[in-house]
Amino acid sequence: GNSKDFDGNYTVLRALMWLKRDSQNCNQSFLFCPPMDYLTNKKMKSDIDILAIQDGRLVLGEAKNKASEFYTKDIEALAWLGNHIKPDKLIMAFNEGTLAQSKIDKLRSLLQFKCEIKVYKAQSPVYHFTGVFGEPKPQ
C-alpha cells in the first residue's frame, strides 16, 4: 500500500536524530546500529528498526510510516524483543497519523519488566528534486 519505500527509513533516521539530540537523556555518548533482522527459536521473524545506546542506556524500537501500521503482530514482536533483551527504553516511531493509546497500553501489558516507552512522531519529509524535475513553480 505504500509506494514510497524510503519513508520507513526516513522515520528511523528522524527517530535516531531525536534520540541523539535529547538533551535530558543524551549528554555524552550516542551509538546506533542499522536496522537488523532476527529470528526467534519459535520461528517468529521480525526486525529491530531502532537500536541505539544513549549515554550507556540501551534503546530499541519499531518505526512505521503510519501510526495505523502498528499491528498486533508488530507490538507483540517489540514486546518479545523487550522481554528477552530488557532495554532501558522502547520507542514506537511513526511519520503519519496518531498512535492510539490502546496500542501503547497493549505493549506495556505484554512487557514482563519495567521499561520506559516513548512515542515519537517524525516531521513530514521534504523532498528536494529541483535538479531532476525542474525549477519549483512560483507561489
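Scroll up for the structure.
Given the structure is predicted, the values throughout are model-derived calculations rather than measurements.

Trainee: Explain the overall build of the chain to me, please; I cannot follow it from the model alone.
Mentor: The helix and strand inventory of the chain stands at 4 helices and 7 strands. Seen in sequence order, the chain has helices and strands lined up from the N terminus as α-β-β-β-β-β-α-β-α-β-α. Once local pairs closer than 6 in sequence are excluded, the contacts in the chain between residues at least 24 apart make up 67%.

Trainee: Looking at this structure, I do not really get the pairing of strand β5 (residues 57–66). What am I missing?
Mentor: Each regular strand shows side chains that alternate between the opposite faces of the sheet. Most of β5 sits out of view: 7 of its 10 residues are buried. As consecutive antiparallel partners, strand β4 (residues 50–54) and β5 are separated by 2 residues, and within that stretch Asp55 has a phi angle of approximately 50 degrees, a positive value. Where β5 meets strand β6 (residues 89–96), 7 bridges bridge the pair, whose relative direction is parallel. Pairing of Lys66 across the sheet is with Glu96, part of β6. Once you follow β5 into helix α2 (residues 72–85) and on to β6, the crossover reads as right-handed.

Trainee: Please clarify how the pattern of salt bridges should be interpreted in this entry.
Mentor: A pair can form between side chains of opposite charge whenever their charged atoms are brought close. Tallied over the entire structure, the rule returns 4 salt bridges. The partner of Asp74 in a salt bridge is Lys73, with the nearest N and O atoms 4.0 Å apart. The class for Asp74 is buried, based on a relative accessible area of 10%. You can call Lys73 exposed: its relative accessible area is 60%. Linked through salt bridges whose partners overlap, the residues forming this network are Glu62, Lys64, Lys73 and Asp74.

Trainee: Quick question: what am I supposed to make of the sheet that holds β6 here?
Mentor: Strand pairing in a sheet takes place through backbone hydrogen bonds and is either antiparallel or parallel in direction. Taken in spatial order, the 5 strands make up an open sheet running β1-β4-β5-β6-β7, and their pairing is mixed. Taken across any chain shown, the strands that pair with only one partner, and hence form the sheet edges, are β1 (30–33) and β7 (116–121). Taking the axes of each pair of neighbouring strands and ignoring which way they run, one obtains an average angle of 25 degrees across the sheet. In this sheet, β5 lies alongside β4 in antiparallel orientation, the contact comprising 5 bridges. When the sheet's bridge partners are listed, Leu51 is paired in β5 with Leu60. Here α2 sits on the sheet in contact with β5 and β6, set at roughly 175 degrees to β5.

Reading the values: the criteria
- Residues numbered from 1 in each chain as written.
- Predicted model: local features only at pLDDT ≥ 70, side-chain atom pairs only at ≥ 80, totals over all residues.
- Heavy atoms only, no water.
- Helix = DSSP H or I, 4+ residues; strand = E, 2+ residues; numbered from the N terminus.
- Contact = heavy atoms within 4.5 Å.
- Buried < 20%, exposed > 50% of the residue type's maximum accessible area, 1.4 Å probe, protein only.
- Pairing = 2+ DSSP bridges.
- Right-handed = clockwise from strand over helix to strand, strands pointing away.
- Salt bridge = Lys/Arg side-chain N within 4 Å of Asp/Glu carboxyl O.
- Axes fitted to C-alpha atoms, helices over the stretch in contact; angles between N-to-C directions.

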